[in-house]
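Now for the letters of each chain:
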Amino acid sequence: MDTATLARFEAGRDRLASLAYRLLGSAADAEDVVQDAFLRWQAADRDHIEVPEAWLTRVVTNLALDRLRSARARREHAVGTWLPEPLLAGDPMLGPADTAEQRDSVSLAVLTLLERLTPVERAVYVLREAFSHSHAEIAGILDISESASQQHAHRARRRVATSRPGPDRRVTEVDRATARRIAGAFLAAAASGRTEQLVALLTDDATAISDGAGLSARLVLVSGPERIAATLRAAYRPTPAKRKLVGGSPAFHAAVVNGCPAVIAVLDDRVVGLVVLEVRDDRIATLRGTAAPARLGRLTREWRRGDHGDLLVESW
């Protein structure tokens, strides 16, 4: 492959990766899909490809759909084991963020809701909402009619909208300063050992969900501010056994992850866990905990590469 042809692919790599991530909810799977697309680009008769960007978009979308269909079949036999893979602010895989729709489409809340759509509905939703493709373009990418694309988009929007809070109760996207304030207040309350401080930070319908550090076959779900506060008080109380489990005494940092404030635990420059805090009406509505190493690979690489955010606790 000549240098110019390679450069053409590399120029669009981040866009293709952000498309695959939105379709799959997994950075690792998205990276694999983009690599598969590169191999197809390398083997293709490029003289007959009129618009390389459109060709690559089609290839990546359909490769992702193949994986999505396979993943759905696996997940149906292992209900409750999946969470979207979190990404640190500034990661190019998060993709376009110029509009509210683009930013919303990469939130962990929406990525979770997209699991309820059929693969084609999900593809149409992502291509339309996040990448502003016309229905004619989407029809060409997916080999469907324009009217079918419009119908899939309508159903997808309706299903996502009916599964979310009302317009006045949407999750709030935050900047770094706000993330530090919220994450700091959360960590201080969790470490205080006083449940009333935590309860005051949570909405009345708050929920917490965790991957159980990959130690459980199912997700751990806790509902209600009192139960969440009790669970967090126990989880954030440092003990020798917990330090042994994670391999030492991690530091805690505040950061922005998928548009939300997050508390990130770091040990030896490796992210060992995080909690993403979705804020609604100035209180925490949802907590999403991730500690399974398989879901933290890319986030750790980006962490090492960039700004480490604001230190909250130097040693736990």
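Residues numbered from 1 in each chain as written. Predicted model: local features only at pLDDT ≥ 70, side-chain atom pairs only at ≥ 80, totals over all residues. Heavy atoms only, no water.

An unreviewed UniProt entry lists the chain under the name Sigma-70 family RNA polymerase sigma factor, with Saccharothrix lopnurensis given as the organism. Quoted straight from UniProt, the Subunit (unreviewed entry) entry for the chain says "Interacts transiently with the RNA polymerase catalytic core formed by RpoA, RpoB, RpoC and RpoZ (2 alpha, 1 beta, 1 beta' and 1 omega subunit) to form the RNA polymerase holoenzyme that can initiate transcription." According to UniProt, the comment filed for the chain under the heading Sequence similarities (unreviewed entry) is "Belongs to the sigma-70 factor family. ECF subfamily." (UniProt positions renumbered as here; feature names shortened; annotations may be inferred.)

Trainee: Sorry if this is basic, but what is going on with the packing of helix H6 (residues 119-130) against helix H7 (residues 135-142) here?
Mentor: Two packed helices can be described by the angle between their axes and the distance between those axes. The N-to-C vectors of H6 and H7 enclose an angle of 140 degrees; their axes lie 10 Å apart at closest approach. When the axis of H6 is compared with that of H7, the two are oblique. The crossing of H6 and H7 is right-handed. Two secondary-structure elements touch here, H6 through Val120, Ala123, Val124, Leu127 and Arg128 and H7 through His135, Ile138, Ile141 and Leu142. Grouping the constituent residues of the contact of H6 with H7 by class yields 7 nonpolar, 1 polar and 1 charged. (Axes fitted to C-alpha atoms, helices over the stretch in contact; angles between N-to-C directions. Helix = DSSP H or I, 4+ residues; strand = E, 2+ residues; numbered from the N terminus. Parallel < 35°, antiparallel > 145°, perpendicular 65-115°, else oblique. Left-handed = near helix turned anticlockwise from the far one by under 90°. Contact = heavy atoms within 4.5 Å. Nonpolar A, V, L, I, M, F, W, Y, C, P; charged D, E, K, R; others polar.)

Trainee: Explanation requested: empty space enclosed by the protein in the structure shown.
Mentor: Summed over all chains, the structure comprises 1 cavity of 30 Å³ or more. Every residue along the wall of the largest cavity is listed here: Leu83, Pro84, Leu108, Val276, Arg288 and Thr290. Grouping the constituent residues of the lining of the largest cavity by class yields 4 nonpolar, 1 polar and 1 charged. (1 Å grid on protein atoms, 1.4 Å probe; cavity = no way out; pocket = protein on both sides within 12 Å on 5 of 7 lines; lining within 4 Å. Points joined across faces, edges and corners; volume = space filled by probe spheres on them.)

Trainee: Honestly, the environment of valine 257 in this entry has me stumped. Any pointers?
Mentor: Mapped onto the elements, valine 257 comes out in strand E3 (residues 251-257). Accessibility expressed as a relative area gives 0% for valine 257, which makes it buried. Put simply, valine 257 and proline 86 are 171 residues apart on the chain and 6.5 Å apart in space, counted from C-alpha to C-alpha. Setting aside anything within four residues of it in sequence, one finds valine 257 in contact with Pro86, Leu87, Leu88, Ala262, Ile264, Leu274 and Val276. (Buried < 20%, exposed > 50% of the residue type's maximum accessible area, 1.4 Å probe, protein only.)

Trainee: Sorry, what's going on with the nonpolar core here?
Mentor: Generally speaking, nonpolar side chains in soluble globular proteins are found buried as a group. Tyr21, Leu114 and Ile264 are the most contacted members of the largest nonpolar core, which has 59 residues in total. Tallying contributions element by element places helix H1 (residues 3-24) first for this core, with 8 residues. By size, the runner-up hydrophobic cluster in this structure holds 30 residues, among which are Ala179, Leu198, Ile228 and Val272. (Core = buried A, V, L, I, M, F, W, Y, C linked by side-chain atoms within 4.5 Å.)

Trainee: Sorry, what's going on with the pairing of strand E6 (residues 283-290) here?
Mentor: Working note: regular strand, side chains alternate between the two faces of the sheet. Taking burial as the measure, the 8 residues of E6 include 7 buried ones, the bulk of the element. Bridging between strand E1 (residues 202-210) and E6 involves 5 bridges; their strand directions are parallel. From the neighbouring strand, isoleucine 209 faces E6, where its bridge partner is arginine 288. Taken together, the 7 bridges between strand E5 (residues 270-280) and E6 define a ladder with antiparallel strand orientation. Note on E6: the bridge partner recorded for arginine 280 is arginine 283. (Pairing = 2+ DSSP bridges.)

Trainee: Please explain the packing of H1 against helix H2 (residues 27-43) as it appears in this structure.
Mentor: For the pair H1 and H2, interaxial distance at closest approach is 8 Å and the crossing angle is 145 degrees. Crossing of H1 over H2 shows right-handed handedness. Residue-level contacts link Thr5, Leu6, Arg8, Phe9, Arg13, Leu16, Ala17, Ala20, Tyr21 and Leu24 of H1 to Ala27, Asp29, Ala30, Val33, Val34, Gln35, Ala37, Phe38 and Trp41 of H2. Its residues placed into classes, the contact of H1 with H2 shows 14 nonpolar, 2 polar and 3 charged.

Trainee: Is there a simple way to think about H2 in this case?
Mentor: Every α-helix winds through 3.6 residues per turn, so residues three or four apart in the chain are directed the same way. Here H2 is 17 residues long and its end C-alpha atoms lie 25 Å apart, about the 24 Å a rise of 1.5 Å per residue gives. For H2, the N-terminal cap is serine 26; the gap from its side-chain oxygen to the backbone nitrogen of alanine 28 is 3.5 Å. (Expected span 1.5 Å × (residues − 1). Polar contact = N/O pair within 3.5 Å; in protein donor to acceptor, adjacent residues only side chain to side chain.)

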